[in-house]
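Here's the letter readout for the chains.
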Amino acid sequence: FPDLTRTITDFNELTEKFTSGPAAPFVKQARNEMARRLGFDPLAPEEWKKIGVDPGKGLALALWPGESIVVAGVSDQKVFDGEVKKRMQELIAADQVSSSSVEGQTITTIGAKLGTSTVPRLHYVYKGGYVLLSGAAENTKRLVAAATQKPGQSMGESKWFQDLSGKVAKDADLLVMVNALAANSILKGPEPETARLLREGLVVPWSIATTGVTCEGFRGLDPEASKNLNEFVSRAPDAHLERYRAADTVLAMKVRANAKTLLQVLMEKDPAAKAEFDQALRQAREQLGVDLRSGTVENLAGNAVLGFSLGKPEQVSKAIASQGQGNLG
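First, a word on what this report is: a plain description of the structure on this page. What you see is a predicted model; the values in this text were computed from it and never measured.

About the cut-offs
Residues numbered from 1 in each chain as written. Predicted model: local features only at pLDDT ≥ 70, side-chain atom pairs only at ≥ 80, totals over all residues. Heavy atoms only, no water. Pairing = 2+ DSSP bridges. Helix = DSSP H or I, 4+ residues; strand = E, 2+ residues; numbered from the N terminus. Axes fitted to C-alpha atoms, helices over the stretch in contact; angles between N-to-C directions. Parallel < 35°, antiparallel > 145°, perpendicular 65-115°, else oblique. Contact = heavy atoms within 4.5 Å. Nonpolar A, V, L, I, M, F, W, Y, C, P; charged D, E, K, R; others polar. Buried < 20%, exposed > 50% of the residue type's maximum accessible area, 1.4 Å probe, protein only. Patch = residues over 30% accessible without salt bridge, like charges linked within 9 Å, V, L, I, M, F, W, Y side chains within 5 Å. Areas by Shrake-Rupley, 256 points an atom, 1.4 Å probe, with all protein chains shown as cover. Salt bridge = Lys/Arg side-chain N within 4 Å of Asp/Glu carboxyl O. 1 Å grid on protein atoms, 1.4 Å probe; cavity = no way out; pocket = protein on both sides within 12 Å on 5 of 7 lines; lining within 4 Å. Points joined across faces, edges and corners; volume = space filled by probe spheres on them. Core = buried A, V, L, I, M, F, W, Y, C linked by side-chain atoms within 4.5 Å.

**What about the pairing of strand β8 (residues 202–209)?**
Next, step 1: Sheet analysis places strand β7 (residues 174–178) next to β8, joined by five bridges and oriented antiparallel. Counterpart to Met 177 in the pairing with β8 is Val 203.
Next, step 2: The pairing of β8 with strand β10 (residues 218–219) spans two bridges and is antiparallel. Among the inter-strand pairings, Val 203 is bridged to a residue of β10, identified as Phe 218.
Next, step 3: Looking at chain direction, β8 and strand β9 (residues 212–215) are connected through four bridges and run antiparallel. Among the inter-strand pairings, Trp 206 is bridged to a residue of β9, identified as Cys 215.
Next, step 4: Hairpin connection, β8 to β9: the antiparallel pair is bridged by two residues.

So, in C-alpha cells, the structure goes:
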C-alpha cells in the first residue's frame, strides 16, 4: 500500500455508499468489534499513529517460499515498541523480550515461555523510519539481509520494476508485484510453462473510488511470448460492450480475444481434443446440413462482458440489515 492514509480514505468513501440507512448500525457494530479485537481502528488513519505507525509512509508485505516480511512506516519507535509488546502478550502470551545485534542491526525478538525454553514469536528491526517484521518460524537472516541491503540491490531499482510501475496510476491504492526472476526459479520445476511466461515481471495495481474498484495488469514478456499473446487480440477491435451493463453493476469482467486464433492455439496443445472437436463438427454438418464452425466460433466478434449487480446501494443496505437482524434473532 503506497499510502495507507489515502487507501483508508478511499475505502471509507466507497463503503459509505452501502452503509447508510438500515445497515448503518450493523456496519458500525462490525467496525467497533474489529477495533476492539485489534486495540485500534484500522479504518481511521489517526488511530495508526496512536500505535506508533505512520500510515502515510505505506505498508508492504514481501513474500518468499515459507517466509514473509512486513514493512511499515514508523512515527514513534518508543510507542511502537510498547504497543507490539502489549499486543503480543495479550494475543499469544508472548512476554519474553530480548535483543541481539547482527551485522550492526539491533533485532528485537518477542517469545513465549514454553517449559524451560523460550519460543520466538516475532522478530523486528528498525531501518530508516521503517520497521521490518518477520514471524516466529522465519529465520532472522532474511530480515537482516533486507535491512542491510544496498539501495541498488532493491527491487525498486530493478529495470523490470521501473518499466512496469511507470505504467501504473500514481494514485493506485494497492500494488501487487511479482519479481519474475525469483518466481521463475521457483516455478520452473512444478510449472515450467508459467515460469517461461513470467520472465519480465508483473504489476497489478488496484484503485478504489466512490464509483467502485478497478484493477489493471501489466506484465513484461519476451518477444516470442509477446507476439503470441498479441495474436489473441489482433483483428478483434474493442466493441465496448460494458456500455450495455446496468449502472448499478458491482463487478464486471471484460474479455477481448480473437476467438478463431484462441481456438486454434488450444487445439494445438491438445490433439485429442482437436480430433473430438472436428468429429463433432462433421457429425453436426451431416445431420443439420450447416457449417457450425463458420456460424459460431469464426463468426464471433471476440468481445464478451460479464457483470454482476446486487441492486442499488439502498437495496444492498436493506439486505445487509435484514441479514444482521436474522443473525441477532
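**Topic: the packing of helix α10 (residues 259–269) against helix α11 (residues 271–288)**
Next, step 1: The N-to-C vectors of α10 and α11 enclose an angle of 120°; their axes lie 5 Å apart at closest approach. Accordingly, the angle class assigned to the pair α10 and α11 is oblique. Where α10 abuts α11, its residues Leu 263, Met 267, Glu 268 and Lys 269 lie against Pro 271, Ala 273, Lys 274 and Phe 277.
Next, step 2: Residue composition of the contact of α10 with α11, grouped by class: five nonpolar, no polar and three charged.

**Here's the deal with unusual backbone geometry**
Next, step 1: Phi at Ala 93 is positive, roughly 55°, even though this residue is not glycine.
Next, step 2: Locating Ala 93 in the fold gives a position in the loop between α4 (77–92) and β3 (96–102).
Next, step 3: Even without a glycine there, the phi angle at Glu 103 is positive, about 50°.
Next, step 4: Along the chain, Glu 103 falls in the loop between β3 and β4 (105–114).
Next, step 5: When its relative accessible area of 61% is taken as the criterion, Glu 103 is described as exposed.

**Examining a nonpolar patch on the surface**
Next, step 1: The grouping of Val 250, Leu 251, Met 253, Val 255, Leu 306 and Phe 308 at the surface amounts to a nonpolar patch, some 560 Å² of accessible area in total.
Next, step 2: Going through the elements one at a time, β11 (249–256) and β12 (303–309) are the ones with two or more residues in the nonpolar patch.
Next, step 3: Counting residues per element, the nonpolar patch draws most heavily on β11, at four residues.
Next, step 4: Relative to the helices and strands, Phe 308 is located in strand β12.

**Some details on the sheet that holds strand β1 (residues 59–64)**
Next, step 1: Ordered in space as β1-β2-β6-β5-β4-β3, the six strands form an open sheet in which the pairing is antiparallel. A single partner strand is all that each edge strand has here, and the edge strands are β1 and β3. The sheet shows a mean angle of 25° between the axes of neighbouring strands, taken without regard to direction.
Next, step 2: Direction of pairing for β4 relative to strand β5 (residues 117–127): antiparallel, over a ladder of seven bridges. When the sheet's bridge partners are listed, Thr 109 is paired in β5 with His 123.
Next, step 3: In the packing of α4 onto the sheet, contacts are made with β3, β4, β5 and β6 (130–135), and the angle to β5 comes to roughly 155°.
Next, step 4: Along the sheet face, helix α5 (residues 140–148) touches β1, β2 (67–73), β3, β4, β5 and β6 and points at about 10° away from the line of β5.

**With respect to the pattern of salt bridges**
Next, step 1: Overall, the coordinates contain ten salt bridges when judged by the stated rule.
Next, step 2: The closest approach of N and O atoms between Lys 50 and Glu 47, which form a salt bridge, is 2.9 Å. Pair noted here: Lys 50 and Glu 47 are both in helix α3 (residues 45–50), with a separation of three residues, about one helical turn.
Next, step 3: If you follow the salt bridges from partner to partner, you end up with Glu 33, Arg 36 and Arg 37 in one network.

**Section: the layout of surface pockets**
Next, step 1: Considering only enclosed or pocket space, the largest pocket measures out at about 1,700 Å³ in volume.
Next, step 2: Taken together, 39 residues make up the lining of the largest pocket; nearest its centre are Ala 60, Leu 61, Ala 62, Met 155 and Met 177.
Next, step 3: Of all the secondary structure elements, the ones that give two or more residues to the lining of the largest pocket are β1, β2, β6, α5, β7 and α7 (180–187).
Next, step 4: Ranked by residues supplied to the lining of the largest pocket, first place goes to β1 with six residues.
Next, step 5: Taken together, the residues that form the lining of the largest pocket break down as 28 nonpolar, eight polar and three charged.

**Re the nonpolar core**
For soluble globular proteins, the rule of thumb is that nonpolar side chains tend to be buried together.
Next, step 1: Trp 48, Phe 80, Val 84, Tyr 124 and Val 131 are the most contacted members of the largest nonpolar core, which has 19 residues in total.
Next, step 2: Going through the elements one at a time, α1 (4–16), α4, β4, β5 and β6 are the ones with two or more residues in this core.
Next, step 3: In this view, Phe 80 contacts Ile 51, Gly 52, Val 53, Tyr 124, Tyr 126, Val 131 and Leu 133; residues no more than four positions away in its chain are not counted.

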